[in-house]
Structure formats: C-alpha cells, structure tokens
Amino acid sequence: MPLTPMRVLLDDAAENGYGLAAFNVNNMEQIQAIMEAAHEIDAPVIVQASRGARKYSQDNYLRHLMLAAAELYPHIPVAMHQDHGNSPATCKSAIDMGFTSVMMDGSLKEDGETPADFDYNAKVTKEVVALAHKAGVSVEGELGCLGSLEHGMGEQEDGHGAKVALTHDQLLTDPAEAEEFVRQTGVDALAVAIGTSHGAYKFTRKPDGEVLAMSTIEAIHKRLPNCHMVMHGSSSVPQELQDIINANGGKIKQTWGVPVEEIQRGIKSGVRKINVDTDNRLAMTAAIREVLWKSPEKFDPRDYMKPARDAMKKVCLARMTSFGQAGRAKKIRCVTLAEMAKKYIV
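Residues numbered from 1 in each chain as written. Predicted model: local features only at pLDDT ≥ 70, side-chain atom pairs only at ≥ 80, totals over all residues. Heavy atoms only, no water.

### A few points about the pattern of salt bridges
Enumeration according to the criterion identifies 19 salt bridges in this entry. Note that Glu-262 is salt-bridged to Arg-265, the shortest N-O span being 3.5 Å. Remark: Arg-265 and Glu-262 occur in helix α11 (residues 260-267); sequence separation between them is three residues, near one turn of the helix. Through salt bridges with shared partners, one network takes in Arg-7, Asp-11 and Asp-188. (Salt bridge = Lys/Arg side-chain N within 4 Å of Asp/Glu carboxyl O. Helix = DSSP H or I, 4+ residues; strand = E, 2+ residues; numbered from the N terminus.)

As structure tokens, then:
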C-alpha cells in the first residue's frame, strides 16, 4: 500500500469513533518501533516529522525510511505528515518530498515564535490548502497557541513555539472563531489550544479543568460536528518512565502529562489525531540509560538501541490500543494521492 493521505484515515476514525496516534520520528529505530506496533495490532498510523526532525535526519533519508516502511508493511495504511509547518514554503517542500499530509501552523508567524492574528492565520492556511489539495495532500491547521494555562507562557519544541507570555484568549481556541476558520480555509483537520504543551513539563500537578480545558473541545465539536480535531502536546509522561530514567543517572523533574482518559474523552467529541512524541523519547531514553548504567562495558549501539526500540514499541502499542485504532488497518481502502486530488475537486 502506498503512503496514504491523512484525510482517509481521519474519515475512517470519525466514522468508527476512534482516534489516531500521530508519532513523531527522527530516525530508523523510531519508525521501526511504530510499524512493528501497528503490524502487531493491525492499526493504521500517522508518522510525522517536525522541521527540526527533517533537518536532523535530512529529507531524503526520512523519505526513503518511510517508503521502506510502506514496502515492508503493505497492509498498514500510513500517512506521512509534516508537523508544525511555519510557512507555505515549508509545506510545499514537504509536499514535493512525498509527504501525504502537512500542517500549516499559522497561529505563529513565519519565525515560529511570534503569535499571529486570525486574518494572517486564515490567509496562509487557505493558501496551503489550495496548494496541497491539488496534489491530494491533506492539511491540518491550528487556531490558538500552545502554552500553559498554569503560568501563561508559550513553549518551544524544535525551535517552534511562542516565546512570550500569552493571553488567556490566545491559549484557548474560541469555538466561534474555529467555526469561521474552518469555513474560510477548508482544512481537513484543526489543531486546538486547550492548555497542552510540547515536552515533558506540561503540568505541575495532575491536570484538571483549570489547566486542561477539555470543555473547549466539546464546545467546538458542538459547532463543528464534522470537523476532525487534533490534540497537540498529548503525551501522558508516565511516572514509571520518569522513575527509570532517574534511577539510572537521569534528572527528570517531577511532572505530569495528559491522562489517557482525558484523551479518550476528547475522542468522544471529535478528536481524531493525537500527537505523541515525549512519551516515546522518554521510553527510549529510559531503556538506553538502564543498559549503559547497569552495563557500562557496553559500546555496541545495537546493545542499547534494540531495547530502546522495544520500549518505544510498547508505548506505541499502548496508545494505539487506548485510542481505539487497533484492528482498523485491514478495513481501510487504499486511496492514492491522485484519487484524493479528484475527490477535493468534487
């Protein structure tokens, strides 16, 4: 099966009431972990790369790793997604490299740091939609800025994110604006701001409605029942992984992530794509630290990368199962980019 337009997966998720984990990747072992997990439980999957990941791995390496994944697992529908594109040019470069989905994050200006207004966001996102849909490529937009409702600050990941204090309105997507944004742009999916953030340090306590506004998702879903919503910064930051890292020489400060049960609540209200990155980083780091701490004589990268890959696969399996995508792969019909482009014209 060729790499799949993300819209095909989102539509199946909506029709059958489940969510799709979107896993960030930087290297071969991460892609292997994701695909092995998807194969084991017959799950469709979204694999995504940030601008930082594309720079780290280089586009051609990444593209051929993804093509290898599609070749080795032809029965698994896989979407290849550009995460947090900062400009139409970045999104075009991803489309040219074979990505089947792109995110135009117009919530920030092209520098990836300065909050943008609604009109700018709608303009650049609409531009990307027009470009992408001609090629059958799906588009995710974002309305509202990722950041903490606890302290009001934006956050950065791979050099992308607001560096300034944000207003409460900027930190929460307005449901009425969301409706207008989707109408103006024609995006396939909408990332919403609800108090989540990238990285491990999301919350200083187990989150409740004051710092994780799941009610915002429910309000948007009432206005846009057919809109595919996206939760960014949705790693759960398992305590056991924090403990393994710290028991083997690490210094992770106590922190809390997004509880899986809250994500499941979101799935009931239109969330179809859930971004997971930090949990996989923690899992791999925990495994590597444990090998090197307990066996300091080891020096073969395979001695610690195999356990790291297995640890990430375990997280992927858990998230795919919790989000309900297990068993759906065989039920999704292959749609090529060319076929999808014709659907957009209609």
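### Quick word on the environment of Arg-319
By the element assignment, Arg-319 lies in helix α13 (residues 301-323). Here Arg-319 falls in the buried class, since its relative accessible area comes to 8%. Expressed as a C-alpha distance, the spacing of Arg-319 and Ile-274, which sit 45 residues apart in the sequence, is 9.4 Å. Apart from the residues lying within four places of it in its own chain, the contact partners of Arg-319 are Ala-21, Phe-23, Ser-236, Pro-238, Val-260 and Asp-279. (Buried < 20%, exposed > 50% of the residue type's maximum accessible area, 1.4 Å probe, protein only. Contact = heavy atoms within 4.5 Å.)

### A look at the packing of helix α2 (residues 28-41) against helix α4 (residues 59-72)
Packing of α2 against α4 leaves a shortest axis separation of 10 Å and a crossing angle of 25 degrees. When the axis of α2 is compared with that of α4, the two are roughly parallel. Both α2 and α4 take part in a crossing whose hand is right-handed. Where α2 approaches α4, its residues Met-28, Ile-31 and Met-35 are matched on the opposing element by Leu-62, Leu-65, Met-66 and Ala-69. In the contact of α2 with α4, the residues fall into seven nonpolar, no polar and no charged. (Axes fitted to C-alpha atoms, helices over the stretch in contact; angles between N-to-C directions. Parallel < 35°, antiparallel > 145°, perpendicular 65-115°, else oblique. Left-handed = near helix turned anticlockwise from the far one by under 90°. Nonpolar A, V, L, I, M, F, W, Y, C, P; charged D, E, K, R; others polar.)

### Observations concerning the pairing of strand β2 (residues 45-49)
The buried fraction of β2 amounts to five of the five residues, a majority that puts the element mostly inside the structure. Residues Val-45, Val-47 and Ala-49 line one face of β2 and the alternating positions Ile-46 and Gln-48 line the opposite face, and both faces are buried. Judged from the three bridges that link them, strand β1 (residues 20-24) and β2 form a sheet pairing that is parallel. Its bridge partner being in β2, Asn-24 is matched across the sheet by Gln-48. With five bridges connecting them, β2 and strand β3 (residues 78-85) associate as parallel partners. Paired with Ile-46 across the strands is Ala-79, a residue of β3. (Pairing = 2+ DSSP bridges.)

### Concerning the side chain of Ser-50
Structurally, the position occupied by Ser-50 is in the loop between β2 and α3 (51-57). Within polar-contact distance, the side chain of Ser-50 engages the backbone nitrogen of Ala-53 at 3.0 Å. (Polar contact = N/O pair within 3.5 Å; in protein donor to acceptor, adjacent residues only side chain to side chain.)

### Focus on the packing of aromatic side chains
What the rule picks out here adds up to one aromatic pair. Ring centres of Phe-118 and Phe-181 lie 6.0 Å apart, and the angle between their planes is 75 degrees; this geometry places the pair in the edge-to-face category. Taken together, the residues span a long stretch of sequence, with Phe-118 in helix α6 (residues 118-134) and Phe-181 in helix α8 (residues 175-185) at a distance of 63 residues. For the pair Phe-118 and Phe-181, one class covers both residues: buried. (Phe/Tyr/Trp six-rings, centres within 6.5 Å; stacked < 30°, edge-to-face > 60°.)

### Here's the deal with the sheet that holds strand β4 (residues 101-104)
Spatially, β1-β2-β3-β4-β5-β6-β7-β8 is the arrangement adopted by the eight strands of the closed barrel, whose pairing is parallel. Taken over all neighbouring pairs, the strand axes of this sheet differ in orientation by 25 degrees on average, direction set aside. Sheet topology note: the strand β7 (residues 228-231)/strand β8 (residues 271-276) ladder contains three bridges and is parallel. Considered in β8, the bridge of Met-231 is made with Ile-274. Each of β4 and β5 (138-143) touches α6; the most contacted strand, β5, lies at about 175 degrees to it. Most of the contacts of helix α9 (residues 214-223) go to β7, to which it runs at about 165 degrees, and overall it touches β6 (189-192), β7 and β8.

### Focus: helix α10 (residues 239-247)
Taken together, the buried positions of α10 are Leu-241, Gln-242 and Ile-245. Take α10 and look down its axis: the buried residues cluster within an arc of 100 degrees, on one side only. Residues Glu-240 and Ala-247 are exposed on α10 and point more than 90 degrees away from its buried face. Of the surrounding elements, those touching the buried residues of α10 are α12 (278-294) and α13. Just downstream of α10, Gly-249 is the residue with a positive phi angle, here 95 degrees. (Arc of directions from axis to C-beta.)

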